[in-house]
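Coordinate analysis (summary)
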Amino acid sequence: MLRRHMLVAALLGLACNLPAFAQAQAPEAKRESVAREELGNRISENIPAIPQELIDRLNRYQNTRGAGVAGWTKNGCLLIGTRFAETNQAHRVCQPLGMREQLTFYPEPLGGMSPSPAESTLDGFVFSKDKGGDEFSQLYWFDHATRNVTMLTDGKRTQNNGALFSRDGKLLAYRSTARNGTDTDVWVRDIASSVAKPVVTAGGTWAALDFSPDGKTLLVMKRVSAAEAYPGEVDLATGALTMFPVDGGKAAFGGFAYAPDGKSVYFVSDEPVNGTIQEFQTLRHHDPATGKLTVLSAKIPWDVEGFSLSEDGKHLAYSTNEDGISRLRILSLPSHREIALPALPIGVFGSGAFSPDGTRLALTLNSATSPSDVFVIDLAKASLTRWTQSEVGGLDASKFIAPTLIRYPTFDTVDGKRRTIPAFYYRPTNVPAGRKLPVVINIHGGPEAQSQPTFNPTAQFMANEMGVAMLVPNVRGSSGYGKTFLSLDNAHRREDSVKDIGALLDWIARQPELDSTRVGVAGGSYGGYMVLASLMHYSDRIRAGIDVVGISHFGTFLKNTESYRRDLRRVEYGDERDPKMAETFERISPLNHANRITSKLFVAQGKNDPRVPYTEAEQIVKAVRANGQPVWYLLYTDEGHGFRKKSNTDYFGAASVLFWQQNLLNEGR
């Protein structure tokens, strides 16, 4: 995904206040005893000691790493993010496959990085960083000449992200919750005076997208949901905010940027075209002076993921998501003629950035059999050069498994035919004749996210070392398959996505090479809810599940998630203040039906999670244990919504494999 102009779409006492139904599920006598261990920032309960043999087998898979490009420096080097120790840090690479010079050395991983533009007198980059995964990121300036780092934001319990320089580097726009802790405003900092002020305070969640070439206006966007956003323009001299009309009244928007002329714009949207409803988000060019709208990707029946404009105004690069695979196209401006490109590896694109002179495009590319690495396209030569070669732990990459895309029928119909759900299928090779493969279903979060065939060391280990197949479905509600599919799980239809997992279990039972008696399910965030809901409905067909930072009750989740996220999540899940929606939450939330979870369960959580508070994990662990069911529980006090530190992810990965060995494969018990 070319992200320069993408809209970045980012208490223990509560356990005593469980709904009465959950509290009354089991007598005290049935509660299991808990073996608890506290070691540094890790708290683990009922997790056995990890055998050294397993640690040794996992070691090479856990030592794979990737690299992602953030942009170009003034001297022609690439600024990249990669990990050489515990966390992802900033590095500089100055030639193809050259040495990676580490620039930052923090115990916490860096977030986004924004290099100063070529026209600026500045030479450095802005980066974001939080503490312990709490997501209250601050912005910092790294100066290349002095190597000094300066905090640019307030350092308080505020979110500050999305740094964007004006073309001359004199202004820095970003989004921040500093005004009231709830609304995400757009702020602009004057670099010379170091004075920052909010320029959009209209309420809700806003982001800065692009400065006009003269730096006098700023394109902004209000995001309501994955299917609804509203673009506008701020006059930085007067502070006046002008909202653009949205055809059809409601639409999704991706990137929005000024064309080189500073008057017309390029943008990504699914607005109706000439009154015709659009399923996918397309790349468009609009000239307000003439009113002419040109749909540049009209012939491509897939979403445009994002786009990037070269600083010299001569080229535009954009990528499409075609059934989970990225495809790159580059247009010559202003003719919009597509130029020839070299053959690119099949995979998924991450960030991309044109060189300051516009002659090259740096691109992050990830595939199912290779971690993320940075490649550079020379536009004139139509050549591709690899700039980073990330390690794969000494493994033989030729033995990595590439998944196949399958589609399985689910419960409802479209145009008289059964709807199908896409899934990526990792199948072990060299399987002995007659042997049936155990299966793990891995469900993405979001719920508006999409699983794509990216490098997954866990899937590779399970296939190559354990002989376990993995299925990665994109159930209804996933992005990438059109606006109708995206909306199929909203509000009262939430459990329809769970039925898609039931349909996948049916598909597994029909496959002669798969063992339907040995199925596990795993997922994080919303995927964690899907794990719990799947166990609630299908414990008779699922042996075990791993829930990572998952939602166990939508009502308590919405009550306790950080205030700056609450309204965004209400649009997707439903408003808990509505009695009918609250009734639905009570009916579908796994916490209220913990007695139906009879499969083995492993719950993992970060204590500082601002999205899904750790109380969601605590209460489901308590409720399931109250029914006499053993639960493994892992809590990190220095992590948030997922695990980002290598030692933490290594332990969790090893514990997960041990959990599957004991509860899916019945080994070592």
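Details of the structure are given in the entry above.
What comes next is a walk through the structure. (Residues numbered from 1 in each chain as written. Predicted model: local features only at pLDDT ≥ 70, side-chain atom pairs only at ≥ 80, totals over all residues. Heavy atoms only, no water.)

Let us look at the pattern of salt bridges. For the coordinates displayed, the defined rule picks out 37 salt bridges. Note that Glu562 and Arg157 form a salt bridge whose closest N and O atoms lie 2.8 Å from each other. Remark: Arg157 occurs in the loop between β10 (149-151) and β11 (160-165) and Glu562 occurs in the loop between α7 (554-560) and α8 (563-573); sequence separation between them is 405 residues. Here Arg157 falls in the exposed class, since its relative accessible area comes to 58%. (Salt bridge = Lys/Arg side-chain N within 4 Å of Asp/Glu carboxyl O. Helix = DSSP H or I, 4+ residues; strand = E, 2+ residues; numbered from the N terminus. Buried < 20%, exposed > 50% of the residue type's maximum accessible area, 1.4 Å probe, protein only.)

For the structure on display, the rule yields one disulfide. Linked covalently through their sulfurs, Cys77 and Cys94 form a disulfide whose S-S length is 2.0 Å. Disulfide Cys77-Cys94: torsion about the S-S bond near 100°, hence right-handed. In this pair, Cys77 is assigned in the loop between β3 (67-72) and β4 (78-83) and Cys94 in the loop between β5 (88-93) and β6 (101-102), connecting sequence segments 17 residues apart. Judged by relative accessible area, Cys94 falls into the partly exposed class, the value being 43%. (Disulfide = S-S within 2.5 Å.)

For the rest of this paragraph, the subject is the packing of aromatic side chains. Across all of its chains, the model carries 30 aromatic pairs by this definition. With 5.2 Å between their ring centres and 85° between their planes, Tyr61 and Phe461 make a pair best called edge-to-face. Pair noted here: Tyr61 is in helix α2 (residues 52-62) and Phe461 is in helix α3 (residues 457-466), with a separation of 400 residues, a long-range link. Each member of the pair, Tyr61 together with Phe461, is buried. Taken together, Phe602, Trp632, Tyr636, Phe643, Phe652, Phe659 and Trp660 form an aromatic cluster joined through their ring pairs. Over the face of the ring belonging to Tyr651 we find Arg42, whose NZ or CZ atom lies 3.8 Å from the ring centre. It is Lys607 that lies over the ring of Tyr614; its NZ or CZ is 5.1 Å from the centre. (Phe/Tyr/Trp six-rings, centres within 6.5 Å; stacked < 30°, edge-to-face > 60°. Lys NZ or Arg CZ within 6 Å of the ring centre and 35° of its normal.)

In a pair of packed helices, the angle between the axes and the distance between the axes together describe the arrangement. With their axes 12 Å apart at the nearest point, α3 and helix α11 (residues 646-663) run at an angle of 45° to one another. Relative to α11, the element α3 lies oblique. The way α3 lies across α11 gives a crossing that is right-handed. Judged by residue contacts, Phe461, Met462 and Met466 of α3 engage Val657, Trp660 and Gln661 from α11. Tallied by class, the residues present in the contact of α3 with α11 amount to five nonpolar, one polar and no charged. (Axes fitted to C-alpha atoms, helices over the stretch in contact; angles between N-to-C directions. Parallel < 35°, antiparallel > 145°, perpendicular 65-115°, else oblique. Left-handed = near helix turned anticlockwise from the far one by under 90°. Contact = heavy atoms within 4.5 Å. Nonpolar A, V, L, I, M, F, W, Y, C, P; charged D, E, K, R; others polar.)

Bringing the sheet that holds strand β9 (residues 138-143) into the picture now. The strand order β7-β8-β9-β10 describes an open sheet built from four strands, whose pairing is antiparallel. The strands lining the two open edges of the sheet, one partner per strand, are β7 (110-115) and β10. With direction set aside, neighbouring strand axes in the sheet form an average angle of 25°. Of the pairings in the sheet, the one linking β7 to strand β8 (residues 124-129) comprises four bridges and is antiparallel in character. (Pairing = 2+ DSSP bridges.)

What follows concerns the sheet that holds strand β15 (residues 205-211). With antiparallel pairing, the four strands of this open sheet are ordered in space as β15-β16-β17-β18. The open sheet terminates on both sides in strands that have one partner only, identified here as β15 and β18 (241-243). On average, each strand axis in the sheet is tilted by 30° relative to the strand beside it, whichever way the strands run. Sheet topology places strand β17 (residues 228-235) next to β18; three bridges connect them, and they run antiparallel. Following the sheet pairing, Gly232 is matched in β18 by Met243. Across the face of the sheet, α8 comes into contact with β15 and β16 (217-225) while running at roughly 60° to β16.

Where like charges cluster on the molecular surface, the negative patch consists of Glu119, Asp168, Glu311, Asp312 and Asp357. Relative to the helices and strands, Asp168 is located in the loop between β11 and β12 (171-176). For Asp168, a relative accessible area of 31% puts it in the partly exposed group. (Patch = residues over 30% accessible without salt bridge, like charges linked within 9 Å, V, L, I, M, F, W, Y side chains within 5 Å. Areas by Shrake-Rupley, 256 points an atom, 1.4 Å probe, with all protein chains shown as cover. Lys, Arg positive; Asp, Glu negative; His and termini not counted. Charge placed at Lys NZ, Arg CZ, Asp CG, Glu CD.)

Just distances and angles here, no functional claims.
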